[in-house]
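Residues per chain, in single letters:
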Amino acid sequence: MSADTEPDEPVVCPVCGSAFSSASLHDEGLLVELGDDSQFDRVCVEPVSTDDGTPLVRLFQHPREDEQSAAGGRVP
């Protein structure tokens, strides 16, 4: 399953503190490869769960033009 984020999604990425261009929720396996991606610089991954405890992974896609440094130096 892949779903759009909920209306209460964060304004900035909770992983690195930077703006992001999109976010998504996943309850199945996923693959993230950004080696030659012309659109995204990086993807941050946040483990979350539903109200009933179902584990999910939320991805935050950061565009290449976003050269803002991450909060706390968490992203090189």
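These numbers come from a predicted model, not from an experiment.

Reading the values: the criteria
- Residues numbered from 1 in each chain as written.
- Predicted model: local features only at pLDDT ≥ 70, side-chain atom pairs only at ≥ 80, totals over all residues.
- Heavy atoms only, no water.
- Helix = DSSP H or I, 4+ residues; strand = E, 2+ residues; numbered from the N terminus.
- Buried < 20%, exposed > 50% of the residue type's maximum accessible area, 1.4 Å probe, protein only.
- Contact = heavy atoms within 4.5 Å.
- Areas by Shrake-Rupley, 256 points an atom, 1.4 Å probe, with all protein chains shown as cover.
- Polar contact = N/O pair within 3.5 Å; in protein donor to acceptor, adjacent residues only side chain to side chain.
- pLDDT = per-residue confidence, 0-100.
- Pairing = 2+ DSSP bridges.

Let us look at the overall build of the protein chain. Check the secondary structure of the protein chain and you find zero helices and four strands. The buried share among the 76 residues of the protein chain stands at 29%. Of all intrachain contacts in the protein chain linking residues separated by at least 6 positions in sequence, the fraction that spans at least 24 positions is 56%. Carbon and sulfur atoms make up 49% of the accessible area of the protein chain, which totals about 5,100 Å².

Here we come to the environment of T54. The residue T54 is located in the loop between strand 3 (40-49) and strand 4 (55-63) in this model. Along the sequence, T54 and D27 sit 27 residues apart, while their C-alpha atoms lie 8.1 Å from each other. Setting aside residues no more than four positions away along its own chain, T54 makes contact with V48 and S49. Here the side chain of T54 touches D52 through a polar contact of 2.8 Å, side chain to side chain.

Time to look at the confidence of the model for the protein chain. Averaged over all residues, the pLDDT of the protein chain is 75; the fraction at 70 or higher stands at 71%. Taken as a whole, residues 66-76 scores under 50 in pLDDT and shows 14 contacts with residues more than four places along the chain or in a different chain.

Mapped onto the elements of the fold, D37 is located in the loop between strand 2 (22-26) and strand 3. Sequence-wise, D37 and R64 are 27 residues apart; in three dimensions their C-alpha atoms are separated by 8.8 Å.

Once that is clear, we can look at the side chain of R42. Secondary-structure assignment places R42 in strand 3. Among the polar contacts made by the side chain of R42, one reaches the side chain of S18 at a distance of 3.3 Å.

So, on to the environment of P14. Structurally, P14 is set in the loop between strand 1 (2-4) and strand 2. Taking the C-alpha atoms as reference points, P14 and V45, 31 residues apart in sequence, are found 9.3 Å from one another.

This paragraph deals with the pairing of strand 3. Side-chain direction in a regular strand flips from residue to residue, so the side chains alternate between the two faces of the sheet. Here strand 3 pairs with strand 4 via nine bridges, running antiparallel. Bridge pairing links P47 to V57 in strand 4. Count of turn residues in the strand 3/strand 4 antiparallel hairpin: five residues, of which G53 carries a positive phi of about 90°.

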